[in-house]
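# Understanding the architecture of this molecule
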Amino acid sequence: MDLGCRKENVAVDKRVREAGLRPTRQRIALADLLFAKGDRHLSAEELHEEATAASVPVSLATVYNALHQFTQAGLLRILAVEGSKTYFDTNTSDHHHFYIEGENRIFDIESGPVTVSNLPEPPAGMEIANVDIVVRLRPKRGV
């Protein structure tokens, strides 16, 4: 193992620990796959495919569990886009998304803040925690 790889594993281990999770081999391996490529959006199935390709022995159920644990710990943001299609976002800052219908592709809206007005008053004892906006795109018709 080279020094660069060892430093990355230490950083991932530390990130998982600081989030309050026990750094098991599987969590570290999945976190390394998730965060090594910068900000991105992926489904559990996509991460499972990456893990399999990287010879990380994990079941799809383990991937789902780890992703939900990472989300609860604040390491990921969950995005429900299509009924049962859920993506996990490594960028946990407040931002919004474009979704390309038919391609199942999601990416960040880069062009500044999106303004939402006339939000309803939350019920008594509640506050709005976040507003997620997903703008659905498709190719122009007749072009």
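For the structure itself, look to the data block above.
The structure reproduced in this document is the subject of the present report. Bear in mind the structure is a predicted one, so any value in this text is a computation, not a measurement.

## Examining the overall build of the chain
Regarding its fold elements, the chain presents four helices and six strands. Reading the secondary structure of the chain in the N-to-C direction produces α-α-β-α-α-β-β-β-β-β. Taking the principal axes of its C-alpha atoms as reference, the chain extends roughly 55 × 50 × 30 Å. Summed over all atoms, the accessible surface of the chain reaches about 9500 Å², with 51% contributed by carbon and sulfur. Computing the positive centroid from 17 side-chain charges and the negative centroid from 20, the chain places the two 4 Å apart.

## Quick notes on the side chain of Arg-77
Following the sequence through the fold, Arg-77 ends up in strand β2 (residues 77-82). Among all residues touching Arg-77, those that are not within four sequence positions of it are Tyr-87, Phe-88, Asp-89, Asn-91, Thr-92, Ser-93, Asp-94, His-95, His-97, Asn-130 and Asp-132.

## Describing the environment of Asn-104
Along the chain, the position of Asn-104 falls in the loop between β4 (97-100) and β5 (105-108). For the pair Asn-104 and Leu-21, spaced 83 residues apart in sequence, the C-alpha to C-alpha distance is 31 Å. The contacts of Asn-104, once residues within four sequence positions are left out, are Tyr-87 and Tyr-99. Separated by 2.5 Å, the side chains of Asn-104 and Tyr-99 make a polar contact.

## Concerning the pairing of strand β3 (residues 85-89)
Bridging between strand β1 (residues 41-42) and β3 involves two bridges; their strand directions are antiparallel. By the bridge assignment, Leu-42 is partnered in β3 with Phe-88. Pairing of β2 with β3, which is carried by five bridges, proceeds in the antiparallel orientation. Counted as the bridge partner of Ala-80 is Thr-86 from β3.

## Observations concerning the nonpolar core
Ranked by size, the top nonpolar core spans 22 residues in total, and within it Leu-30, Leu-34, Leu-47, Leu-67 and Phe-70 carry the most contacts. Within the residue set of this core, elements represented by two or more residues are α1 (3-18), α2 (25-35), α3 (44-53) and α4 (60-72). Residue contacts for Leu-47: discarding those within four places in its chain leaves Leu-30, Leu-33, Leu-34, Leu-42, Val-63 and Leu-67. Judged by nonpolar contacts, the second largest core, of five residues, contains Val-81, Tyr-87, Tyr-99 and Ile-106.

Scoring rules and cut-offs
- Residues numbered from 1 in each chain as written.
- Predicted model: local features only at pLDDT ≥ 70, side-chain atom pairs only at ≥ 80, totals over all residues.
- Heavy atoms only, no water.
- Helix = DSSP H or I, 4+ residues; strand = E, 2+ residues; numbered from the N terminus.
- Areas by Shrake-Rupley, 256 points an atom, 1.4 Å probe, with all protein chains shown as cover.
- Lys, Arg positive; Asp, Glu negative; His and termini not counted.
- Charge placed at Lys NZ, Arg CZ, Asp CG, Glu CD.
- Contact = heavy atoms within 4.5 Å.
- Polar contact = N/O pair within 3.5 Å; in protein donor to acceptor, adjacent residues only side chain to side chain.
- Pairing = 2+ DSSP bridges.
- Core = buried A, V, L, I, M, F, W, Y, C linked by side-chain atoms within 4.5 Å.
- Buried < 20%, exposed > 50% of the residue type's maximum accessible area, 1.4 Å probe, protein only.

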